Structures are given as structure tokens and as C-alpha cells.
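# Commentary on secondary and tertiary structure
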Amino acid sequence: MKRSRPRPTGRLVVFALLAFFLFWWVPLSHVLPEWVPVSFGTYRTYQASLIAMWAIVALGLNILTGYNGQISLGHGAFVAVGGYTAAILMVDYNWPFPVTIILGGVIAGVLGFLIGIPALRLTGPYLGIATLGLALATPQILKKYDGLTHGTQGINVRTEVHDQVGVLRDFMHDVFHLDFNNDQWIYFLALFTAVVMIVLALNIVRSRIGRAFVAIRDSEIAAQAMGISVSRYKTMAFAISAFYGGIAGGTYTQVVGYVSPESFNFLLSINFLTTIVVGGLASILGSVLGAAGLVVVPELPGLVSFIPGASLPAELSWAFYGAALILVMIFAPYGLAGLFHRMMRIRPAQLLRRLGTVYESGVGALRRALASQGQSGSGPEDRSSEDRPDAKR
Amino acid sequence: MDEFWQQMITGLATGSVYGLLALAIVLIYRSTNVLNFAQGEMAMFTTFVGWSIWQWSGNYWVMFPLVLLLAAALGAFIERVIIRPVEWAPTLNIIIVTLGLFAILNNVATWLWGGIPKGFPAPPEIHVVGIKFFGEGALDIGPTVISYHDLTILVFAVGIMAALYLFFQYTPIGLAIRATAQNPVASRLMGIRVGRMLTVGWSLSAAVGAVAGLLIAHLILLQPPMMMGVLLYAFAAAVLGGLDSPVGAIVGGLIIGVTENLVGTYTPQEWLGPDMKLTVTLMIMVLVLLVRPTGIFGRRTLRRV
């Protein structure tokens with residue numbers, strides 16, 4: 001039996017785009033430091049690392065919400081579990097950081113599995129609000145049981161990734177003459193984790209499990225009739241999704257270097273949902289695009305000031321962000337990924353033809369305007385014969 | 001025992017505010033199946049408008065109806081301009097649109113009025129046949145005292161509930177709104193202007209939310225983030241009562257308000273207590289949902305193959 005495969009060019013473009021989005025910051029800051037403000041380098045590196053971390057959460061949440069149809073407004077809780085596991089194990093027990101990230105993911109995954117069981121009874125907005133409760137409870141729990149979590153003051157984690165990649169560092173130095181600082185190493189760590197998780201997600205959604213998730217989302221009863229155990233796959237989706245959240249939390253600890261109860265407030269969880277809807281539901285590409293969008297868009301009002309003469313009140317940056325959300329939802333209902341796929345479908349020839357039509361109608365409108373201005377007394381008959389380019393075709 | 005009754009009364013009063021906002025949420029959910037995350041910020045915004053009007057006119061009873069009208073206009077505007085273009089989009093998309101609205105309203109309010117908390121007046125006292133209504137002070141009712149403002153809140157909640165009941169039950173437009181919520185396609189075939197009914201629903205909801213904002217602003221100071229906590233409790237209340245039941249919203253609000261107060265007072269301080277009252281309240285909500293997945297008064301959804 002021949003399997004239908006996605007067009008190789010399409011996938012190539014997708015991955016080129018992924019690479020671009022994840023990579024373009026660091027080379028820019030590294031190669032062209034004089035083009036940009038002094039702080040650009042480290043800050044952009046930090047931002048790129050954050051995008052990688054957000055992409056991991058978005059992937060997990062998209063598996064749960066986009067592919068399996070269960071809404072979660074509480075993924076901040078899983079990220080908090082991963083983040084705190086990494087922070088506590090590293091600071092209080094001196095564990096090496098790769099182990100803490102993976103362990104954070106596993107603990108979050110188990111928690112996700114346990115939460116997935118009661119979640120079986122709830123659907124739609126009821127599940128959404130119940131999980132929102134989880135997000136709300138997280139900072140309170142972290143503050144209250146401060147014996148383990150260090151309470152409101154949070155935990156400072158300084159990860160010296162730089163010192164722990166000896167062989168790799170020497171290799172980069174000897175072969176490419178590249179010396180990365182600690183921030184850049186952390187960025188590569190986040191990027192590596194994100195790539196591993198992307199590949200894993202691509203494989204999950206194309207496997208038997210992924211197809212079961214989608215079948216359940218589209219119709220639980222039909223899926224059941226096909227022999228799919230609905231409860232098993234729904235809790236599995238929760239566990240996988242929470243595992244992603246935990247891994248992202250461990251990455252967060254390395255990237256930001258500080259965890260506190262307020263890092264994981266409920267707005268974070270709501271932002272995760274925003275990320276996947278803006279990026280595109282049930283889309284791996286969408287998760288990554290959404291993550292990039294969410295980190296970058298709040299900065300755009302600041303970029304406006306680079307255009308001479310243009311300015312936007314800085315106090316209104318959040319309103320700008322809100323307006324951007326609304327506009328994306330109105331004009332790209334399937335998110336950035338939907339927009340991307342729509343653009344991919346446009347053939348160059350078609351695009352040229354369309355541009356030609358736009359040009360012609362523009363010229364026509366201009367001519368009409370000029371004509372009506374110049375000969376205001378002329379009748380409608382000669383206008384229609386003269387100004388419509390399509391009439392001659 | 002006094003403390004218990006005191007906590008009950010306070011819980012009922014704050015619970016009424018949660019209930020009112022939950023009612024506003026339910027009004028929108030019933031007709032459009034959308035959780036409106038901007039509901040709290042809409043109420044906050046109109047309360048700020050009320051503050052400005054109060055500063056300008058100095059009269060609470062001029063401000064109050066004016067705010068309700070403006071809130072209704074705001075609700076209608078939001079429905080027509082922002083929600084209408086995504087009317088047929090998936091539910092999650094509309095939720096994201098309301099989140100965008102949340103950001104805009106919150107930010108614009110901070111921009112216009114500043115982030116400094118402002119005192120907000122309580123309704124001034126009125127004497128009708130020698131009985132005092134509204135105003136400051138407290139009323140002695142046997143086991144405990146109840147402050148006049150708490151009483152005002154309770155009265156408003158019950159009054160709005162009754163008014164809405166009459167509106168939905170006995171007016172043609174109320175009937176049309178109910179029909180639209182139940183079956184938009186059939187309603188349109190019967191000649192109901194479905195789009196207009198949705199607009200009216202949003203207006204009503206915004207007005208009810210505005211009352212909640214005006215009443216709570218006296219208890220917690222007027223400031224841009226003031227409705228965020230209230231909104232979360234209101235969501236819990238709406239879900240607890242059942243998202244399609246207006247009665248459920250008020251009952252859910254009262255339950256949440258009372259539970260929150262009792263949990264804060266009567267649970268062990270070392271590992272629960274006031275710091276954890278939100279967590280415990282939400283946990284109780286989830287437990288109730290596990291028994292009744294569509295809330296206490298919610299309609300069971302039948303699944304058809």
C-alpha cells in the first residue's frame with residue numbers, strides 16, 4: 001500500500017521557516033553587533049531562548065487542545081512543576097541540570113495523568129474553568145508550602161551551562177573559532193530541547209496515538225465505535241501535554257534563572273492558550289509561530305519609534321497587543337499557520353495575475369477619478385466605454 | 001456564633017457581586033456559547049466612567065442610570081464591531097477575541113484614569129416613610145450586624161434577578177432573546193431579528209456587569225485591576241451554577257462567596273487558612289463539578305450520534 005506523503009517542498013519550506021525563526025536572532029546579534037543597540041545581543045538571545053521555551057509548552061498544549069479537543073487554561077501549573085523541580089533539585093541538591101529538566105517533565109507528566117482522570121467528566125468551558133482553577137491555585141500553593149519552595153522570595157538559579165559543555169565548547173572554539181558566552185549556550189540548550197520536542201510531537205501526531213486523539217476530538221462516540229479507548233487516550237493526551245509543560249518549565253528555569261510563585265500566575269496559563277490559537281490549532285508549525293508571535297508582538301509598539309515621525313504612546317502597548325489579537329482572529333481564523341498555508345497555496349503565476357488585476361483596477365479607478373475631475377459634465381456612457389479596462393478584454 | 005453569622009453575611013454580600021457578574025457572563029454564554037473574559041474589564045471600565053460622571057455631577061443617582069445606559073451602549077458596540085466579525089468562528093477564537101478586549105479595556109482605563117486606587121462612593125442614604133435605605137452605618141439584626149452597603153448589594157442582586165426574570169418571562173423581546181438562545185435558526189425563520197437579539201443580550205449583560213462594578217468599587221478601591229479577582233470568582237460561580245442558568249449564576253455566586261469566607265475563617269491556619277481560601281474554594285467547585293459536570297442548575301447536554 002502506498003502511503004500519501006506530504007509534499008517534500010512544503011515540508012522543506014516549513015522547516016526552513018522554523019530554522020529561520022529560531023535561529024535568526026542569534027546570528028544577527030553575533031555578526032552585526034554594531035548595527036544594533038549594545039544590549040541587543042544578550043536581550044535578543046534571551047528572547048530567542050524564551051521563544052524556544054514557549055514553543056515547547058505550545059506544542060504540548062496543542063496536542064491536548066488542538067489535537068485532542070480538551071481545553072486547558074491551567075498549563076502554567078505544569079510549567080511551574082517542571083520549573084520548581086529543576087530549581088529545587090539544582091539549588092538544594094546540586095543535581096546536574098539535564099537530569100532535573102527530564103525529571104521535571106516526568107513529574108509534571110504524572111501530575112497531568114492524575115488531573116486527566118477527573119477531567120474525563122468535564123467538557124468545554126467547564127473543563128476550561130476547572131483547569132483555570134488549577135492555574136489560580138498554583139501561586140498560592142507555592143507561597144503557602146514554603147518549606148519546599150522557598151516561599152514568596154523564589155529561587156535563584158544560576159546555570160553555568162558554559163562550564164558543563166567542555167568538549168563541545170572546545171570543539172566550537174577549535175573548529176569554528178566561535179566562543180559563545182553562557183547566555184548563548186543556554187539558548188542552544190533551549191533550542192536543542194525545542195527541536196527534540198518538535199520532532200517528538202511530529203511523530204506523536206502522525207502515529208496511531210495522534211490519530212486516536214484526532215478521532216476522539218472529532219467524535220467521541222465514533223472513536224469508541226472504532227475500538228479506541230476514549231478514557232485511555234484522553235488521559236494520555238493530558239499526561240503527554242503536561243510532560244511538555246514540565247520540560248518547558250525546566251527550560252524556563254535555565255533561561256530565566258529565577259522562579260517565584262508570581263512567575264506562574266494565571267495570566268501565564270491564559271497566554272499559553274492564546275499562543276496556540278493565534279499560532280494555529282492542531283498545527284506543530286502553528287505552535288512555534290504562535291510562540292514567536294507572543295514573545296515578539298508586545299515589542300512591536302516599541303519598534304514603531306524607529307520609523308521617523310511615527311510614535312505610539314508607550315502606555316498603550318498592551319492595548320496594541322489586544323488589538324493585534326483581535327485582528328489576527330478576524331483576518332486569520334486558523335491562526336498564523338493557517339495564514340502560512342494559505343500563502344503557500346498561491347502559485348507565483350497566480351500571484352502575478354492577481355497583482356495584475358489589482359494594478360489594472362487601480363489604474364482604472366485612477367483614470368475614472370481623473371476623468372470625473374477633468375470632465376465633470378460628461379455623461380455616464382462615455383465613461384463606461386473609456387475607463388473600464390476589462391471591457392476591452 | 002456571632003463570628004459565624006458575620007462571615008455568612010459578608011460572604012452573602014460579596015457572593016452577590018460575584019453572582020451579578022456571573023449573571024452577566026451567563027447572559028452572554030446562553031446566546032453565543034462564549035465565555036466572555038472581558039466581562040470584568042467592561043464592568044471596571046464603566047465604573048471608571050461612573051467615577052468621572054460622579055466627579056462632574058456630584059450626584060450618585062444621576063450617575064447610576066447614566067452609567068447603565070452607557071454600559072449598554074458599550075456592550076452593543078462591542079457586539080456589533082468586535083464580536084460580529086468572528087460570530088461564526090470556533091469558540092476558542094471568540095474567547096481569544098474577548099481576551100484581546102480584556103487587554104485593550106484594561107490598558108485604556110489605566111491610560112485614561114491612571115493606576116492609583118480611587119475611593120468610590122456608596123449609594124447615599126434615602127429615607128422612605130421613616131425607614132433608612134442605603135448609606136453608611138450598620139443595621140442590627142439579632143445575632144449580628146449587617147452594614148448598609150452589604151444590604152444594598154443584596155437588595156440590588158435580588159432586584160436585578162427579579163427584573164430580569166420578569167423581562168425574560170413577560171416581554172416579547174425577552175421571549176425573542178430566549179428563543180434565539182435556544183435555536184437561532186428556527187428563531188430566524190420565525191421572523192426574529194437574531195443579530196439584534198444578540199446585541200440586546202450583550203447590552204443587558206454589560207449593564208448587569210456595570211451594577212456589579214459600581215457596587216464592589218466601594219468595598220475594594222477603584223483601580224484598573226480591581227475586577228480581575230472578581231471575574232475569576234464569577235467564572236467559578238457561573239460554572240458552579242451551570243453556565244446556561246441565570247438562577248444558577250446567583251446561587252453559585254452566593255455559595256462561592258460564603259464558602260470563601262468560611263474557609264478563610266474556619267480551616268487550620270498552619271496549612272490552609274485565609275491564604276488558601278481561593279484554592280480550597282476552587283477545589284470545592286471542582287468536586288461539585290465532578291458530581292454534576294454541567295453545574296448545579298445546568299442543562300444536561302445530550303449527545304447524539
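Residues numbered from 1 in each chain as written. Chains lettered and ligands numbered in written order. Predicted model: local features only at pLDDT ≥ 70, side-chain atom pairs only at ≥ 80, totals over all residues.

Let us now look at the overall build of chain B. Scanning chain B from terminus to terminus reveals 11 helices and four strands. The C-alpha radius of gyration of chain B comes to 19 Å, within 12% of the 19 Å expected for a compact globule of 305 residues. Once the C-alpha set of chain B is aligned to its principal axes, its extents read approximately 55 × 50 × 40 Å. Residue burial in chain B is summarised as follows: out of 305 residues, 47% are buried. By sequence separation, contacts in chain B at least 24 residues apart represent 71% of the contacts at least 6 residues apart. (Helix = DSSP H or I, 4+ residues; strand = E, 2+ residues; numbered from the N terminus. Rg over C-alpha atoms; globule rule 2.2 N^0.38 Å. Buried ≥ 20, exposed ≤ 12 C-beta atoms within 10 Å, placed from the backbone. Contact = placed C-beta atoms within 7 Å.)

Per the secondary structure count, chain A includes 21 helices and two strands. Each of the 393 residues in chain A was classed as buried or not, and the buried ones make up 44%.

Take the environment of Ser269(A) next. Residues and elements named next belong to chain A. Relative to the assigned elements, Ser 269 resides in helix H14 (residues 266-279). On a C-alpha basis, the gap between Ser 269 and Ile 141 in space is 16 Å, while along the polypeptide they are 128 residues apart. Residues in contact with Ser 269, not counting those within four places in the same chain, are Leu 73, Gly 74, His 75, Gly 76 and Ala 135.

On to the interface of chain B and chain A. Listed as interface residues are 38 residues of chain B and, on the opposing side, 34 residues of chain A. Mapped by element, the contributors of at least two residues to the side of chain B that touches chain A are helix H4 (91-113), helix H9 (226-241) and helix H11 (277-291) of chain B. For the side of chain B that touches chain A, the leading source of residues is H4(B), giving 15 residues. A breakdown of the residues in the side of chain B that touches chain A according to their chemical character gives 29 nonpolar, seven polar and two charged. (Nonpolar A, V, L, I, M, F, W, Y, C, P; charged D, E, K, R; others polar.)

Residues and elements named next belong to chain B. Bridge analysis of strand S3 (residues 138-141) against strand S4 (residues 144-147) gives four bridges, and the strand direction is antiparallel. Residue pairing across strands places Ala 138 opposite Ser 147, the latter belonging to S4. The hairpin formed by S3 and S4 contains two residues between the paired strands, and Gly 142 there has a positive phi angle of roughly 70°. (Pairing = 2+ DSSP bridges.)

Attention shifts here to the nonpolar core. Residues Ile56(A), Leu21(B), Ile25(B), Ala234(B) and Ala236(B) are the most contacted members of the largest nonpolar core, which totals 199 residues. If we ignore the near neighbours within four places in the chain, the residues touching Ile56(A) are Thr193(A), Ala194(A), Met197(A), Tyr244(A), Ile247(A), Ala248(A) and Thr251(A). (Core = buried A, V, L, I, M, F, W, Y, C linked by C-beta atoms within 7 Å.)

Here we take up the packing of helix H2 (residues 39-57) of chain B against H9(B). Residue and element names in this part refer to chain B. The geometry of H2 relative to H9 is characterised by a closest axis approach of 8 Å and an angle of 140° between their N-to-C directions. As judged from the angle between their axes, H2 and H9 are oblique. Handedness of the crossing formed by H2 with H9: right-handed. Between H2 and H9, the contacting residues are Gln 39, Gly 40, Glu 41, Ala 43 and Met 44 on the first element and Met 226, Met 227, Met 228, Val 230 and Leu 231 on the second. Considered class by class, the residues forming the contact of H2 with H9 number seven nonpolar, two polar and one charged. (Axes fitted to C-alpha atoms, helices over the stretch in contact; angles between N-to-C directions. Parallel < 35°, antiparallel > 145°, perpendicular 65-115°, else oblique. Left-handed = near helix turned anticlockwise from the far one by under 90°.)

In this section: the packing of helix H6 (residues 172-182) of chain B against helix H8 (residues 194-216) of chain B. What describes two packed helices is the angle between their axes and the distance between those same axes. Residue and element names in this part refer to chain B. Where H6 contacts H8, the axes come no closer than 9 Å and their chain directions differ by 105°. Compared by their axis directions, H6 and H8 come out roughly perpendicular. Of the residues in H8, those touching H6 at Ile 173, Ala 176, Ile 177 and Thr 180 are Val 194, Met 197, Leu 198, Val 200 and Gly 201. Of the residues belonging to the contact of H6 with H8, the class tally is seven nonpolar, two polar and no charged.

With that settled, consider helix H6 (residues 124-144) of chain A. Residue and element names in this part refer to chain A. Over its 21 residues, H6 extends 31 Å from the first C-alpha to the last, a length consistent with the 30 Å expected when each residue adds 1.5 Å. The sharpest bend along H6 reaches about 30° and sits at Ala 137, with the proline Pro 139 one to four residues further on. Of all 21 residues in H6, 16 are buried; the element is thus mostly enclosed. (Expected span 1.5 Å × (residues − 1). Bend = angle between axes of the 7 residues up to and from the residue.)

Further remarks concern the environment of Pro118(A). Tracing the chain through its elements places Pro118(A) in helix H5 (residues 97-119). Linking Pro118(A) and Asn62(A), residues 56 residues apart in sequence, is a C-alpha distance of 20 Å.

Before going further, it helps to spend a moment on the confidence of the model for chain B. Mean pLDDT for chain B: 87, with 97% of residues reaching 70 or above. Quick note on the complex model: pTM equals 0.84, ipTM equals 0.87. (pLDDT = per-residue confidence, 0-100.)

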